[in-house]
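Structure at a glance
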Amino acid sequence: MNPTATPLPVHAARIEEQLRARLSPTRLEVIDESAAHAGHAGANAQGFGSHFRVRIASPAFAGKTRVACHRLVYDSMQNFIDQGLHALAIEIIEPS
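Below is a summary of the structure that appears in this document. (Residues numbered from 1 in each chain as written. Predicted model: local features only at pLDDT ≥ 70, side-chain atom pairs only at ≥ 80, totals over all residues. Heavy atoms only, no water.)

What follows is about the pattern of salt bridges. By the definition in use, this model includes 6 salt bridges. Salt-bridge contacts for Arg-20 lead to Glu-16; the nearest nitrogen and oxygen are separated by 3.1 Å. Of the two residues, Arg-20 and Glu-16 are both situated in helix H1 (residues 12-23); the distance of 4 residues between them amounts to about one turn of the helix. The class of Glu-16 is partly exposed, set by a relative accessible area of 29%. Among the ionic pairs, Glu-91 bridges to Arg-55, the shortest N-O distance being 2.9 Å. Within this pair, whereas Glu-91 is found in strand E3 (residues 87-92), its partner Arg-55 is found in strand E2 (residues 51-57), the two being separated by 36 residues in sequence. Salt bridges sharing partners connect three or more residues here, namely Glu-29, Glu-33, Arg-53, Arg-55 and Glu-91. (Salt bridge = Lys/Arg side-chain N within 4 Å of Asp/Glu carboxyl O. Helix = DSSP H or I, 4+ residues; strand = E, 2+ residues; numbered from the N terminus. Buried < 20%, exposed > 50% of the residue type's maximum accessible area, 1.4 Å probe, protein only.)

Here's what the structure looks like:
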């Protein structure tokens, strides 16, 4: 990301769409927690689109370590990180 560019807020719906396309999750919840981080590093003036929590179960995680599962999620979201996504909490959950 260009350090002089203003980061654009990221939308939960776009994250969800991309994770569904790339990881085919059986369970997925994307929560924008940005408002709780107002005034903290990485927060933006809009109050949304900078801090997210992802709860996800996917067949792509089968047989992989938790770290490998997190890497798959991070790799799937690199373009959002480049757009200004500041914080991402990932919770790998068991498929239902």
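Another aspect to go through is the environment of Ala-89. Residue placement: Ala-89 occurs in strand E3. Residue classification places Ala-89 among the partly exposed residues on the basis of a relative accessible area of 23%. Once the C-alpha coordinates of Ala-89 and Phe-52 are considered, the two residues, 37 residues apart in sequence, prove to be 6.3 Å apart. Ignoring sequence-local partners within four residues, the contact set of Ala-89 consists of Phe-52, Arg-53 and Val-54. (Contact = heavy atoms within 4.5 Å.)

With 5 of 7 residues buried, E2 lies mostly within the body of the structure. Taken together, the 6 bridges between strand E1 (residues 27-32) and E2 define a ladder with antiparallel strand orientation. The residue of E2 that forms the bridge with Leu-28 is Ile-56. Where E2 lies against E3, 6 bridges are found, and the strand directions are parallel. Pairing of Val-54 across the sheet is with Ile-90, part of E3. (Pairing = 2+ DSSP bridges.)

Further remarks concern unusual backbone geometry. Keep in mind that most residues, glycine aside, have a negative phi and that most peptide bonds are trans. You will see that Ser-24, though not glycine, has its phi angle at about 45°, which is positive. Mapped onto the elements, Ser-24 comes out in the loop between H1 and E1.

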